[in-house]
Amino acid sequence: MAPCRVARCSCPRALSWLPVLFVVLVVAWSYYAYVFELCLYTIPSVEEQSICLVTFHLCFAMFMWSYWRTIFTKPGNPAKEFSLTKADREQYEKEQRPEAQQEILKKVARELPVYTCTDTGAIRYCDRCRLIKPDRCHHCSTCNTCVLKMDHHCPWVNNCVGFSNYKFFILFLAYSVLYCLFITATVLRYFIKFWTRPSGPPCSTADPIRMAFQWALPRTSPRCLGTRRCSGCFLSPPVWEMDTPSPLAWSLSESQNRLLGNDVPFADEQLDGAAPQTDGSHTVTVSMESES
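What you are looking at is a predicted structure, and each value in this text was computed from that prediction instead of being measured.

Student: Residues and numbers for the overall build of the chain, please.
Tutor: A tally of regular secondary structure across the chain gives nine helices and eight strands. By residue count, 28% of the 292 residues in the chain fall in the buried class. Counting contacts in the chain only where the partners sit at least 6 residues apart, residues at least 24 apart contribute 47% of the total. Accessible area of the chain: about 20,800 Å², with a carbon and sulfur share of 62%.

Student: Can you lay out the confidence of the model for the chain for me, pointing to particular residues and giving the numbers?
Tutor: The predicted coordinates ought not to be read in detail in places where the model reports low pLDDT. Looking at the chain as a whole, its pLDDT mean stands at 76, while 64% of the residues score no less than 70. When the criterion is pLDDT under 50, residues 266-274 qualifies, and its contacts beyond four places in sequence or with other chains add up to nine contacts.

Student: Break down helix α3 (residues 46-72) for me, with residues and values.
Tutor: Taking 1.5 Å per residue as the helical rise, α3 with its 27 residues ought to reach 39 Å, and the 38 Å between its terminal C-alpha atoms agrees with that figure. When we look at burial in α3, the residues that qualify are Q49, C52, L53, F56, C59, F63, S66, Y67, T70 and I71. Elements in contact with the buried residues of α3: α2 (18-40), β6 (159-161) and α6 (166-196).

Student: Kindly report on helix α5 (residues 98-109), identifying the contributing residues and their values.
Tutor: In this model, α5 (twelve residues) spans 16 Å end to end at C-alpha, consistent with the 16 Å of a helix rising 1.5 Å per residue. Listed in full, the buried residues belonging to α5 are A100, Q101, Q102, I104, L105, V108 and A109. Tucked inside the fold, the buried residues of α5 contact α4 (86-94), β1 (125-126) and β2 (131-132).

Student: Let's hear about the pattern of salt bridges: which residues, and what values?
Tutor: One pass over the full model with this rule turns up two salt bridges. R189 is paired through a salt bridge with E48; the nearest N and O atoms lie 2.6 Å apart. In this pair, R189 is assigned in helix α6 and E48 in helix α3, connecting sequence segments 141 residues apart. For E48, a relative accessible area of 24% translates into the label partly exposed. Close ionic contact of R130 with E93 constitutes a salt bridge, the shortest N to O distance being 3.8 Å. Taken together, the positions of R130 in the loop between β1 and β2 and E93 in helix α4 put the pair 37 residues apart, joining distant regions of the chain.

Student: Quick one: what's the story with the packing of α2 against α3, residue by residue and with numbers?
Tutor: At a closest axis distance of 11 Å, the pairing of α2 and α3 adopts a crossing angle of 170°. With respect to α3, the element α2 is oriented roughly antiparallel. Between α2 and α3, the contacting residues are V20, V23, V27, Y31, Y34, V35, C39 and L40 on the first element and Q49, C52, L53, F56, H57, F60, F63, M64, Y67 and I71 on the second. Its residues assigned to classes, the contact of α2 with α3 comprises 16 nonpolar, two polar and no charged.

Cut-off values and rules
- Residues numbered from 1 in each chain as written.
- Predicted model: local features only at pLDDT ≥ 70, side-chain atom pairs only at ≥ 80, totals over all residues.
- Heavy atoms only, no water.
- Helix = DSSP H or I, 4+ residues; strand = E, 2+ residues; numbered from the N terminus.
- Buried < 20%, exposed > 50% of the residue type's maximum accessible area, 1.4 Å probe, protein only.
- Contact = heavy atoms within 4.5 Å.
- Areas by Shrake-Rupley, 256 points an atom, 1.4 Å probe, with all protein chains shown as cover.
- pLDDT = per-residue confidence, 0-100.
- Expected span 1.5 Å × (residues − 1).
- Salt bridge = Lys/Arg side-chain N within 4 Å of Asp/Glu carboxyl O.
- Axes fitted to C-alpha atoms, helices over the stretch in contact; angles between N-to-C directions.
- Parallel < 35°, antiparallel > 145°, perpendicular 65-115°, else oblique.
- Nonpolar A, V, L, I, M, F, W, Y, C, P; charged D, E, K, R; others polar.

Now the structure itself:
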């Protein structure tokens, strides 16, 4: 039974680190995209590269430092003075009446700096941690402990935001906003230039993102729509060369409509051959007969 209990306890703890892993992967991708793709490969000026790299690494260092401290700094727990002694705890558990239990808690709380109570005037007591709750102290069900000055439990840092790490959490939010605003301000000009250039970026097999995009295209597209001819960029509109006629293309083509000056009968054997040629000399007469 012991290994099963350990597995049940460790599995939720391991899953709770998934949001943190997601944030780390996003930040790592942003670091690669900004440093390598933008600064080293896109920005032509050396002075602009130096300014962007130095400022970016300052924001990045402060952002990661505050995020690290928010994760691994304990939010703060009540002192041992707020816990009941062994004798008081046994006496508290033996009593069945709530009035008698409150008298025991009030006797202990007289020597503690406790000024808040419940709506009914009772002493705030945590049955799980077996201690008298200080002011603004709450029990976190995720961390399974009482936290001083608890604000909330943040899954993106896998930690409670409380008395000891509240400053680092505020710094983390501020540096994350500064980090995103700096990247947006410096990338926006090149982002607009990238999508508004007439010929588009050249096709390159050295870019893994573009290679993945091209690999993800359907394999059957040349059979259905012809042979694709690259016009300089994988993002530019494709030009399809109908070297091999497609059944889908000819079946939906206007050249097979007899009302448009083509009386050549449409046959299934023409799908495998060349496209039907018309010289425009054939006409079609449509007569309307009314039934009497």
